[in-house]
Amino acid sequence: HRRMLPDNVTYNGLMSACVPDSHWEAAALLRHEMCLHGVRPDVITYGAAADSCSKAARWHSALQLLEAAAQRGDLKTDVITYSATLSACGGQGQWEQAL
């Protein structure tokens, strides 16, 4: 009997499910759990997490995610991550932070 371990697809799917209901804290916990289990977050991970922050009006958290992705160096963020971060900032009147 072989135990299956969650991978990026599993975690990213769970994080994407957090977006519609603005469960940004659950998405953040999932990203942390990924790292604890040796699963490296990818561009989809950061996009889903930033989108959940945007839906929950957590502009500061979305900016932190974008910065974390940029610090990785081996990860190129995509239009989804930038768009979600801009939306989070703009929606809370923090458009200058997005610059």
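Note: the structure precedes this text.
Right, let's walk through the structure included here. It should be emphasised that the depicted structure is a prediction, and the values quoted were computed from it without experimental measurement.

## Describing the nonpolar core
Burial of nonpolar side chains together is a common tendency in soluble globular proteins.
Part 1: Tyr-11, Met-15, Leu-30, Met-34, Tyr-46 and Leu-65 are the most contacted members of the largest nonpolar core, which totals 18 residues.
Part 2: For this core, the elements supplying multiple residues, two or more each, are helix H1 (8-18), helix H2 (24-36), helix H3 (43-55), helix H4 (59-72) and helix H5 (79-91).
Part 3: If near-sequence neighbours (up to four positions away) are discounted, Met-15 is found in contact with Ala-27, Leu-30, Arg-31, Met-34, Thr-45, Ala-48 and Ala-49.

## Some points on the side chain of Thr-45
Part 1: Summarising the element assignment, Thr-45 is placed in helix H3.
Part 2: Ignoring any residue separated from it by four or fewer positions in sequence, one finds Thr-45 in contact with Asn-8, Asn-12, Met-15, Arg-31 and Met-34.

## Things to note about the pattern of salt bridges
Part 1: Considering all chains together, one arrives at 3 salt bridges under this definition.
Part 2: In this structure, the salt-bridge partner of Asp-74 is Arg-40, at a minimum N-O distance of 3.0 Å. Taken together, the residues Asp-74 in the loop between H4 and H5 and Arg-40 in the loop between H2 and H3 connect sequence positions 34 residues apart.
Part 3: Between Lys-55 and Asp-51 there is a salt bridge, and its shortest N-O distance comes to 3.2 Å. Residue Lys-55 and its partner Asp-51 are both found in helix H3; the two are separated by 4 residues, about one turn of the helix.
Part 4: Salt bridges sharing partners connect three or more residues here, namely Arg-40, Arg-72 and Asp-74.

## Some remarks on unusual backbone geometry
Part 1: The phi angle at Ser-22 is positive, at roughly 60°, despite the residue not being glycine.
Part 2: Secondary-structure assignment places Ser-22 in the loop between H1 and H2.

The rules behind each value
- Residues numbered from 1 in each chain as written.
- Predicted model: local features only at pLDDT ≥ 70, side-chain atom pairs only at ≥ 80, totals over all residues.
- Heavy atoms only, no water.
- Core = buried A, V, L, I, M, F, W, Y, C linked by side-chain atoms within 4.5 Å.
- Buried < 20%, exposed > 50% of the residue type's maximum accessible area, 1.4 Å probe, protein only.
- Helix = DSSP H or I, 4+ residues; strand = E, 2+ residues; numbered from the N terminus.
- Contact = heavy atoms within 4.5 Å.
- Salt bridge = Lys/Arg side-chain N within 4 Å of Asp/Glu carboxyl O.

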